[in-house]
Amino acid sequence: MSTPTPSAGVIHDIGYRHYSGERRGRRYIRRSLYADSLRGAYGLGRSARNKITPAILFAVMCLPAAVMVAITAATNGSELVGEYTSYVLNLQMVVLIYVAAQAPALVSRDLRFGVMSLYFSRPLERVDYVVAKYLAMASAVFVLTMAPLTIMFVGALIVGLPISDQVPDYLRAAGGAGLLSLILGGIALVIAGITPRRGLAVAAIIAVLLVLSGVQAVLQGIAQAEGYDGAVYFSLLSPFTLVQGIQSSLLGGSSPLPEPPGVTGALAFLGVAVLLIAVSFAALQWRYRRVAAK
Amino acid sequence: MLIVTEGLTKRFGQVTAVSDLTVSIDTGVVGLIGANGAGKSTLIKMLLGLLPATDGSATVLDLDVATAGTEIRERVGYMPEHDCLPPDVSATDFVVHMARMSGLPATAARERTADILRHVGLYEERYRPIGGYSTGMRQRVKLGQALVHDPQLVFLDEPTNGLDPAGRDDMLGLIARINSDFGISVLVTSHLLGELERVCDHIVVIDAGRLLRATSTADVTAVSEVVIVEVDEPADPLAALLEAAGLTVRVVGRLLEVELRDDSAYDIVRDTVVKAGLGLIRMERRRHRMAEIFETAGSPG
């Protein structure tokens, strides 16, 4: 580095220096792209305007958890107010808006401003880009959903509730949050990857997820009112209820939704989840093959 | 040899973008000239190993573009023609990110970014979001990201596009420095014939994907067998006098182009001007202009 003189602040030109240090391979590049994208999903390293939305949503997501801990402390209750295992389901609108707002920030931006041509001119491959962005988006959702659960967990311990009562449901909820992150991240990135226009992508993601949630809730409600046995399978329609079903049937814990019946039901739910993730990944790969060919 | 192509061909369906291109390019600054749509950008993408050739082969830095794309892209920098900068990050953050995308560890990426942005002429503004930059500053960021990993060769696709004359001069000066001071070879494209004369050692001209001419700039702009004569009065009377003295003369506006059979032509011009009582303003050997490549070259050579 050049040293500016204190008085004038002149920068001395010391000429061009070649770089003889280490050049790392694709694994390092993929990890760096993942890290920078995850930071970008919360507006870190971006201009101030890009920090507002994720910060507000993060706060809204955590606020109820903090309130629950506060109530528990104030009432000296022997149990935590509120359930780990249904927290994310109850706040699904916040998660939905977050993925709709931030998935385009991860991929539409690169398409819109032509940054892809710079990525492709570097030693990373198309699949590295897709994997890094997918994992970054899923991790961002995981951070959003785990933060309030962790506030509840830590709060419960501080209030003095026995740890053995907290751990099982906390871990069940964490498993559900992880699966939900992969599914939501995949769906949101596929939609965002179609269009370079951010506003359009945001609207499209909200529309798709809202319609799925709405249709799921209405149909399941009607089916339950009619006493139809298969009502539980309407949970497959929305990522949130799908994950809730898998969480309650495979991991246990209380759930406000009907539970998938037996092994068949659990496998059906799990199968749909795995299929969604696989199809999302394949669709992203297909989409970026076309981007690269341009 | 920096770049060698053998019968390189790229077809998109019915359209042939690059046709049977065989050319060898040595280190230095090489100008790739052709009209818009002549196949320059397609050729660069093939040389980066991003587009597979329909036919033929090519090596960059002795690496085969068909099999060693990743290795080539580690050693080569690329500045695209179109806009490629996100507006929501600062130049520093963006170039650091692109340095990491070339495999540089975080600390090295930051150091190289500070260095290279200074070299391309971005100072305090590098901490502000790119969205507020002028075209000239954007071009500097694009150049910076192409150089940040210290490549051996850099592809610059139309780097002077959209710049005003002063910005164009700055950019051409930078390009010359990349080679002379940084020791990095440059392949630079342009659709403007004139502007690359100053900075290029070699010129490759393509048209409709075919090679028109590959030559050194010195050859193209060498002195021709024509003397330009300018006098302080209308040129036509003098032209008649010179023709009477046995020279072949063409009137071009206020100037006369006199063919140079041997050195005696200089004496004849001088004597004729003196006899006619005219003031001689200028008499010089004309240089070839690059535009003549298109006027004379119909076949590769």
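Everything below is about the structure shown above.
As a starting point, this report considers the structure included with it. Computed from a prediction, not measured in an experiment: that's the story for all the values here.

Quick notes on the sheet that holds strand S9 (residues 202–207) of chain B
All names here are of chain B.
Here is step 1 of the chain: Spatial strand order, S6-S7-S8-S3-S9-S10: 6 strands in an open sheet with mixed pairing. Of all the strands in the sheet, just strand S6 (76–79) and strand S10 (210–216) have a single pairing partner and so form its edges. Here the average twist between neighbouring strands, direction ignored, is 15°.
Here is step 2 of the chain: Relative to strand S7 (residues 153–156), S6 runs parallel, the two being bridged by 4 bridges. Bridge pairing in S7 links Val76 to Leu153.

Observations regarding the interface of chain B and chain A
Here is step 1 of the chain: Contacts between the two partners involve 46 residues from chain B and, on the opposite side, 39 residues from chain A.
Here is step 2 of the chain: When the two sides are added together, the surface that chain B and chain A hide from each other amounts to roughly 3,700 Å², 53% of it contributed by carbon and sulfur.
Here is step 3 of the chain: On the chain B side of the interface with chain A, the three residues burying the most area are Asp88, Met101 and Arg118 of chain B, jointly 17% of the side's total.
Here is step 4 of the chain: For the pair chain B and chain A, the number of links is 5 salt bridges.
Here is step 5 of the chain: The salt bridge partner of Asp115 of chain B is Arg17 of chain A, with a shortest N-O separation of 2.8 Å.
Here is step 6 of the chain: Linking chain B with chain A are 25 residue pairs in polar contact (both at pLDDT 80 or more).
Here is step 7 of the chain: The set of elements that each furnish at least two residues to the side of chain B that touches chain A consists of helix H2 (69–75), helix H3 (91–101), helix H4 (106–119) and helix H5 (135–147) of chain B.
Here is step 8 of the chain: Top contributing element to the side of chain B that touches chain A by residue count: H4 of chain B, with 8 residues.
Here is step 9 of the chain: Of the residues contributing to the side of chain B that touches chain A, the split by class is 25 nonpolar, 8 polar and 13 charged.

Some details on the pattern of salt bridges
All names here are of chain A.
Here is step 1 of the chain: Under the defined criterion, the tally for this structure stands at 23 salt bridges over all chains.
Here is step 2 of the chain: Between Arg109 and Asp110 there is a salt bridge, with the nearest N and O atoms lying 3.2 Å from each other. A single burial state applies to Arg109 and to Asp110, both of which are buried.
Here is step 3 of the chain: With a closest N to O distance of 3.5 Å, Lys133 and Asp110 form a salt bridge.

Observations regarding the packing of aromatic side chains
Residues and elements named next belong to chain A.
Here is step 1 of the chain: Under the defined criterion, the tally for this structure stands at 9 aromatic pairs over all chains.
Here is step 2 of the chain: Aromatic ring contacts, followed pair by pair, group Tyr42, Phe58 and Tyr98 into a single cluster.
Here is step 3 of the chain: Its end group placed over the ring of Tyr28, Arg24 keeps NZ or CZ at 4.9 Å from the ring centre.

Observations regarding unusual backbone geometry
Here is step 1 of the chain: The phi torsion at Asp20 of chain B lies on the positive side, around 45°, for a residue other than glycine.
Here is step 2 of the chain: Position of Asp20 of chain B among the secondary structure elements: in strand S2 (residues 15–25).

A few points about helix H8 (residues 236–244) of chain B
Residues three or four positions apart in an α-helix share a direction because the helix packs 3.6 residues into each turn.
Residues and elements named next belong to chain B.
Here is step 1 of the chain: When we look at burial in H8, the residues that qualify are Leu238, Ala239 and Leu242. End-on, the buried residues of H8 take up no more than an arc of 105°, which puts them together on one face. Exposed and oriented more than 90 degrees from the buried face of H8 are Pro237 and Ala244.
Here is step 2 of the chain: Downstream of H8 by one or two residues, Gly246 has phi in the positive range, about 100°.

Rules used throughout
- Residues numbered from 1 in each chain as written.
- Chains lettered and ligands numbered in written order.
- Predicted model: local features only at pLDDT ≥ 70, side-chain atom pairs only at ≥ 80, totals over all residues.
- Heavy atoms only, no water.
- Pairing = 2+ DSSP bridges.
- Helix = DSSP H or I, 4+ residues; strand = E, 2+ residues; numbered from the N terminus.
- Axes fitted to C-alpha atoms, helices over the stretch in contact; angles between N-to-C directions.
- Contact = heavy atoms within 4.5 Å.
- Buried area = accessible area lost by both parts, 1.4 Å probe.
- Salt bridge = Lys/Arg side-chain N within 4 Å of Asp/Glu carboxyl O.
- Polar contact = N/O pair within 3.5 Å; in protein donor to acceptor, adjacent residues only side chain to side chain.
- Nonpolar A, V, L, I, M, F, W, Y, C, P; charged D, E, K, R; others polar.
- Buried < 20%, exposed > 50% of the residue type's maximum accessible area, 1.4 Å probe, protein only.
- Phe/Tyr/Trp six-rings, centres within 6.5 Å; stacked < 30°, edge-to-face > 60°.
- Lys NZ or Arg CZ within 6 Å of the ring centre and 35° of its normal.
- Arc of directions from axis to C-beta.

Everything listed here is a matter of coordinates, which is why it stays silent on function.
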